[in-house]
Amino acid sequence: MSTQKVDDQGNIWFLSSIKSDKNVEIKENDAVQLFYSNPSNYEFLSVFGNASIFTDRNMIYEMWTPFANAWFKDGKDDSDISLIKVTPESAYYWDTKNNKMISMIKMLASVFSGSPPDDGVKGTLKIK
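Only a predicted model underlies this, so the values are computations on that prediction, with no experimental measurement involved. (Residues numbered from 1 in each chain as written. Predicted model: local features only at pLDDT ≥ 70, side-chain atom pairs only at ≥ 80, totals over all residues. Heavy atoms only, no water.)

Caption draft 1: Looking closely at the overall build of the protein chain. A count of helical and extended segments in the protein chain gives three helices and six strands. Along the protein chain, helices and strands appear, N-terminal first, in the series β-β-α-β-β-α-β-α-β. In the protein chain, once contacts between residues fewer than 6 apart in sequence are set aside, the share between residues at least 24 apart is 62%. With the model as given, the accessible surface of the protein chain reaches about 8700 Å², and the carbon-plus-sulfur share is 57%. (Helix = DSSP H or I, 4+ residues; strand = E, 2+ residues; numbered from the N terminus. Contact = heavy atoms within 4.5 Å. Areas by Shrake-Rupley, 256 points an atom, 1.4 Å probe, with all protein chains shown as cover.)

Caption draft 2: A look at the nonpolar core. Core analysis: the biggest nonpolar cluster contains 10 residues, these being Ile12, Phe14, Ile26, Val32, Leu34, Val47, Ala51, Ile84, Val86 and Ala91. Of all the elements in the fold, those that place two or more residues in this core are β2 (12-17), β3 (31-38), β4 (43-54) and β5 (81-96). Counting residues per element, this core draws most heavily on β5, which supplies three residues. Counting residues in each nonpolar core, the second largest holds nine residues, with Ile60, Met63, Trp64 and Ile81 among its members. (Core = buried A, V, L, I, M, F, W, Y, C linked by side-chain atoms within 4.5 Å. Buried < 20%, exposed > 50% of the residue type's maximum accessible area, 1.4 Å probe, protein only.)

Caption draft 3: Representation of the pattern of salt bridges. Following the criterion strictly, the structure yields three salt bridges and no others. The salt bridge involving glutamate 62 is made with lysine 5; its shortest N-O contact spans 2.7 Å. Here glutamate 62, found in helix α2 (residues 57-63), pairs with lysine 5, found in strand β1 (residues 5-6); they are 57 residues apart in sequence, far enough to count as distant. Linking lysine 19 and aspartate 80 is a salt bridge whose minimum nitrogen-to-oxygen distance equals 3.8 Å. With a gap of 61 residues between them, lysine 19 in the loop between β2 and α1 (21-28) and aspartate 80 in the loop between α2 and β5 connect regions that are remote in the sequence. (Salt bridge = Lys/Arg side-chain N within 4 Å of Asp/Glu carboxyl O.)

Caption draft 4: Just the environment of asparagine 50, in detail. Summarising the element assignment, asparagine 50 is placed in strand β4. Linking asparagine 50 and lysine 85, residues 35 residues apart in sequence, is a C-alpha distance of 8.1 Å. Excluding residues that lie within four positions of it along the chain, asparagine 50 makes contacts with Asp30, Ala31, Val32, Lys85, Val86, Thr87 and Glu89. In terms of polar contacts, asparagine 50 uses its side chain to reach the side chain of aspartate 30, at 3.2 Å. (Polar contact = N/O pair within 3.5 Å; in protein donor to acceptor, adjacent residues only side chain to side chain.)

Caption draft 5: Structural view of the side chain of serine 17. Tracing the backbone shows serine 17 in strand β2. Its relative accessible area of 18% is what places serine 17 among the buried residues. Apart from the residues lying within four places of it in its own chain, the contact partners of serine 17 are Asn23, Phe72, Asp80 and Ser82.

Caption draft 6: Fine view of the pairing of β4. Bridge count for β3 against β4 is eight bridges, and the pairing is antiparallel. Across the sheet, the residue bridging to asparagine 38 is glutamate 43, located in β4. Taken together, β3 and the strand that follows it, β4, pair antiparallel across an intervening segment of four residues, in which tyrosine 42 is found at a positive phi of about 55 degrees. (Pairing = 2+ DSSP bridges.)

Caption draft 7: Representation of the packing of aromatic side chains within the structure. Applying the stated rule across the entire model yields four aromatic pairs. When the ring of tyrosine 92 is compared with that of tryptophan 94, the centres are 5.3 Å apart and the planes differ by 40 degrees; the resulting orientation is tilted. Put simply, the rings of Phe44, Tyr92 and Trp94 pair up and form one aromatic cluster. (Phe/Tyr/Trp six-rings, centres within 6.5 Å; stacked < 30°, edge-to-face > 60°.)

In structure tokens form, the structure reads like this:
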């Protein structure tokens, strides 16, 4: 799954099959965790929130991109399409200050010294 849109209220939207395992899981438990990464720069984000499912055709048309044709054979008119909206509650971010080699050396040094490596920026964001 890839993010389709982040709206003005900060909700994160995805296209999904109505029959997908993810839709079934959301109906049973709407608590979700999203992971975003930029491995080339060692930047990571974990978002915690609640998900809900929508089948509004106008919203599906609004979120539609040509890339979604790969999953939905009838395009944006496919009856199998739903939208998943994630309303974030909190997030955790982290990235390294150095390149991979230096980060690895600092991590190994911390194993032997017993002190945590000072190699990154991290924090928690409370959304609501």
